[in-house]
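Close look at the chain arrangement
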Amino acid sequence: MDWYRRNARDLPWRRSHDPYRIWLSEIMLQQTRVDTVRPYYRRFLRAFPTVRRLAGADEHQVLKLWEGLGYYSRARNLLKTARLIVSHHRGRFPESVEELRNLPGVGRYTAGAIASIAYGVSAPILDGNVKRVLARLYCIPENLDTAEIQKRLWIMAEELTPDRHAGDFNQAMMELGAMVCIPKEPRCEVCPVRRFCAAHRNGCQNKLPMPRARKELPHYQIVAALIGRGGKYLIGRRRPEGLLGGLWELPGGKMEAGETPEQAVRREIREELDVSVRPGRHLATVQHAYSHFRITMQVYECRLRQGQPRPLYHTDLRWVTQSDQSHYAFPAATLKAFQKIFHATSSRSRRVRWTGA
Ligand code: SF4
């Protein structure tokens, strides 16, 4: 903790013990890097400085502020939780880990972080950084992802957590993992816990934790349609449940085996919108990696041939202009496509301007 007090990075969420701010930062930091989170955190707090302000927000606004941060169920859970805090807890976050864990999107780690940092409760935490530090301190040469090892790690974390200043202790452990006991080439020479460290003593710090078996991510071919009408184009809102729920996108979907992209566009649009389209120019190719799969998305300019689009797959459809885009939240892959279609300016890149026909 002495080391932490001298070396802690000055992160915006560390300047406060407000449980709302701590909760927000912890949710944003799940699976996301500190530098990515900073500007989102600032913008979010500017829009919703208190849990009551967030509870009164529209899901649209919340998703827009979350746009590009990924794992959008976090944003939807954030809103649900804020409303629950206001309706069931009179606007105040509960203090106990058990009650915190009943909130949507709050697991044992996040509950421990809020309880210890905001309220000083002696509750352990276990994130990727802390797991790595423990695996080295105690020289655990096993796969850290098994249920049995997870259980052991939680017990270790619990035993180490002090009765007082647990919030500082937990943050110190995370900071140690983020800045000193880093994944590759840990900086043992400046480590404040070097003399307690079994991995350092045995010289095996570079071999721990045991590397995860790498799984090849599935790769999907996706087609999407930019259907134009009178200078506007059509977007659909994804259903709330599931991946990217509540976000807006260009209609389209996965190609099936044996289909050409044009055939896939025609089929997808018929299935999703109940209309027939004629695919024209190829406008963009986008590569994007999600946590469990990768996609290559091909976007085609399309003309409506027959029918009025109906939302058979989406919850809502809108005709929008390019300048309306800023009012809607889109997944990162769609934003990349828009960038190529509407803003391709480099002299070397093939300039594809959508004419709005
Ligand atoms: Fe990590 Fe090295 Fe410190 Fe051990 S001594 S905790 S391996 S940085």
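This text gives an overview of the structure that appears in the document. None of these values were measured; they are calculated from a predicted model. For every chain, the first residue of the written sequence is number 1, and numbering continues from 1 along that sequence. Selection of residues for local features in this predicted model requires a pLDDT of at least 70, selection of side-chain atom pairs for listing and counting requires 80 or more, and totals for whole chains, interfaces and linings are taken over all residues. Just so you know, side-chain values use all the structure's heavy atoms and leave hydrogens and water out.

**Regarding the pairing of strand β6 (residues 294-306)**
Each pair of strands is called paired provided DSSP finds at least two bridges between the two strands. Under the scheme used here, helices are H or I runs from DSSP no shorter than 4 residues and strands are E runs no shorter than 2 residues, and both carry numbers assigned from the N terminus. As paired strands, strand β1 (residues 219-229) and β6 are joined by nine bridges and run parallel to one another. Considered in β6, the bridge of isoleucine 227 is made with cysteine 302. The pairing of strand β5 (residues 276-289) with β6 spans eleven bridges and is antiparallel. Directly across from valine 286, in β6, lies its bridge partner methionine 297. Remark: four residues form the turn of the hairpin made by β5 and β6, two consecutive strands paired antiparallel.

**A look at the nonpolar core**
Nonpolar side chains in soluble globular proteins tend to end up buried together. Ranked by size, the top nonpolar core spans 97 residues in total, and within it Trp23, Phe44 and Leu54 carry the most contacts. Per-element tally for this core: the top contributor is helix α8 (residues 108-119), with seven residues. Throughout, nonpolar core names a set of buried Ala, Val, Leu, Ile, Met, Phe, Trp, Tyr and Cys residues whose side chains join them through atoms within 4.5 Å. A 1.4 Å probe rolled over the protein chains alone gives each residue an accessible area, and that area as a share of the maximum for its type sets the label: buried under 20%, exposed over 50%, partly exposed in between. One finds Leu234, Val275, Tyr300 and Cys302 within the second-largest nonpolar core, a separate group that totals 13 residues.

**With respect to unusual backbone geometry**
Residue proline 209 follows leucine 208 across a cis peptide bond; omega there is -10°. In this structure, proline 209 sits in the loop between α12 (198-202) and β1. Located in the positive-phi region is leucine 244, a residue other than glycine, with phi close to 60°.

**Description of the side chain of arginine 74**
Mapping arginine 74 onto the fold places it in helix α6 (residues 73-88). Of the side chains with opposite charge, glutamate 26 comes closest to the buried, unpaired arginine 74, at an N-O distance of 9.6 Å. Other than its neighbours up to four places away in sequence, arginine 74 contacts Ile27, Met28, Leu29, Gln30, Thr32, Trp66 and Leu69. Counted as positive: Lys and Arg. Counted as negative: Asp and Glu, with His and the chain ends omitted from the count. Between Lys or Arg on one side and Asp or Glu on the other, a salt bridge is scored when a side-chain nitrogen of the former is within 4 Å of a carboxyl oxygen of the latter. Only heavy atoms enter the contact rule, under which two residues are in contact if any of them lie within 4.5 Å.

**Quick notes on the packing of helix α2 (residues 19-29) against α6**
Orientation is described by lines fitted to C-alpha atoms, with helices fitted over the stretch in contact, and by angles between N-to-C directions that extend from 0 to 180 degrees. Between α2 and α6, whose axes approach to 10 Å, the crossing angle comes to 160°. The angle between α2 and α6 falls in the class roughly antiparallel. Handedness of the α2/α6 crossing: right-handed. Between α2 and α6, the residues in contact are Trp23, Leu24, Ile27, Met28 and Leu29 and Arg74, Leu78, Thr81 and Ala82, respectively. Partitioning the contact of α2 with α6 into residue classes produces seven nonpolar, one polar and one charged. Oblique is the label for every angle not falling under 35 degrees (roughly parallel), over 145 degrees (roughly antiparallel), or within 65 to 115 degrees (roughly perpendicular). The handedness criterion is simple: a crossing whose near helix is rotated anticlockwise from the far helix by less than a right angle is left-handed, and one whose near helix is rotated clockwise is right-handed. Residues are grouped as follows: Ala, Val, Leu, Ile, Met, Phe, Trp, Tyr, Cys and Pro are nonpolar; Asp, Glu, Lys and Arg are charged; all remaining types, including Gly, are polar.

**Section: the side chain of threonine 32**
Its location among the elements puts threonine 32 in the loop between α2 and α3 (34-47). Separated by 3.3 Å, the side chain of threonine 32 and the backbone oxygen of methionine 28 make a polar contact. Here the side chain of threonine 32 touches glutamine 30 through a polar contact of 2.8 Å, landing on its backbone oxygen. Polar contact is defined as a pair of N or O atoms within 3.5 Å, subject to the rule that within protein one atom must be able to donate a hydrogen and the other to accept it, and that residues adjacent in sequence are counted only when both atoms are side-chain atoms.

**Some points on α8**
Helix span, as expected, comes to 1.5 Å for every residue beyond the first. In this model, α8 (twelve residues) spans 16 Å end to end at C-alpha, consistent with the 16 Å of a helix rising 1.5 Å per residue. Counting buried residues along α8, ten of its twelve residues qualify, which places the element largely inside the surrounding structure. Turning to α8, its buried residues are Tyr109, Thr110, Ala111, Gly112, Ala113, Ile114, Ala115, Ser116, Ile117 and Ala118. Glycine 120 sits one or two residues past α8 and shows a positive phi near 75°.

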